[in-house]
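Each chain is listed here by its residues.
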Amino acid sequence: MRVSHWAYNALGDGGSGTGLNFAVVEIVEAERRLGLDSNVFDPSKEDEIKQGEADVHVVHSTLPDCFFGHPRKVFFAHGTPEHCVTYELRGTPDMPFTATLTWLREAEAIVTQWPRHKRIWDLFMERAEGVHLIRAGVNLERWAPGEEKAQLMGNPAVLFCESWFEIKRPSELLWAFAAACRQPTFGDARLHLYNIPEGCKAFWATFLDHLNLRHWIGSFDGNKPQADLIKLYRGAGLLVAPAPYGDQSRTCLEALACGVPVLSRSGSQNASYTFD
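Residues numbered from 1 in each chain as written. Predicted model: local features only at pLDDT ≥ 70, side-chain atom pairs only at ≥ 80, totals over all residues. Heavy atoms only, no water.

Asks: I would appreciate a short explanation of the environment of Leu-173 in the present structure.
Replies: Relative to the elements of secondary structure, Leu-173 occurs in helix H6 (residues 171-180). For the pair formed by Leu-173 and Ala-241, sequence separation is 68 residues and the distance between their alpha carbons is 8.8 Å. The residues contacting Leu-173, other than those within four sequence positions of it, are Phe-160, Leu-191, Val-240 and Pro-242. (Helix = DSSP H or I, 4+ residues; strand = E, 2+ residues; numbered from the N terminus. Contact = heavy atoms within 4.5 Å.)

In structure tokens, the structure reads:
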């Protein structure tokens, strides 16, 4: 059986450092060990689309138009249902990345890795048996303490590198940091912000200016390859994860594996294994 997985840039340039990219590669490798002819293709690359014909298409990002009518499609629902569903509110002219409501209707099956997610997807699907839970866990073999680390300003250097979408946007973190740095006993902490979407940088730069935070910002950057992200974790004095709800954050687990303390919101899923 030939299986095509569709994900943006899962193999190029070490990926963008996201859990989605790492998961797709691990799934393909596991399927090959089971004897399947499994491959990953980028739906934005014409030469890869030409090679993508398969018995089953697994949608991680989106699916090329030429395969949309294929009868055997599986949607792999990465991330929280809150994030997946609200992505379609962005109003992109073509089919948006992770067009969840479309795949809930069109896919033969949905795959998720979290029990809470399955309970929510069951509500959307007419056929509850069409939602499959795979308890894959999180592979942290790549993440460990080490001497090779980024030199980050601040004592402590406070790191935020979650995805900047919906419930994980750092608005409340920035407000709290702005209030704290005005206190005479604040010290010399610096906030390092990563994984900022390119199209949102101008907005967040203005946001920081209005809060008079620029002096306290040590880094303001986009996605980083895995090797650089590991160095950032090791160089930080603290990682913050203030999302109010959702599931355990891969970012928190990676930071903890690298020996970095994590501060999360009290009552969140992360609070069971971090400081709150």
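Asks: Just to check I follow, could you spell out the environment of Glu-162 for this structure?
Replies: Secondary-structure assignment places Glu-162 in the loop between strand S7 (157-160) and H6. Take Glu-162: its relative accessible area is 6%, and that puts it in the buried class. Sequence spacing of Glu-162 and Asn-195 is 33 residues, and the spatial spacing of their C-alpha atoms is 6.7 Å. Discounting chain neighbours no more than four positions away, the residues touching Glu-162 are Lys-168, Tyr-194, Asn-195, Ala-241, Ser-249, Thr-251 and Cys-252. Looking at Glu-162, its side chain comes within polar contact range of the side chain of Lys-168, at 3.4 Å. (Buried < 20%, exposed > 50% of the residue type's maximum accessible area, 1.4 Å probe, protein only. Polar contact = N/O pair within 3.5 Å; in protein donor to acceptor, adjacent residues only side chain to side chain.)

Asks: What's the story with the pairing of strand S10 (residues 238-241) in this structure? I'm lost.
Replies: For a regular strand, the rule is simple: side chains alternate between the two faces of the sheet. Of the two faces of S10, the one carrying Leu-238 and Val-240 and the one carrying Leu-239 and Ala-241 are both buried. The pairing of S7 with S10 spans two bridges and is parallel. The residue of S10 that forms the bridge with Leu-159 is Leu-239. Where S10 and strand S11 (residues 262-264) come together, three bridges link them in parallel fashion. Paired with Val-240 across the strands is Leu-263, a residue of S11. (Pairing = 2+ DSSP bridges.)

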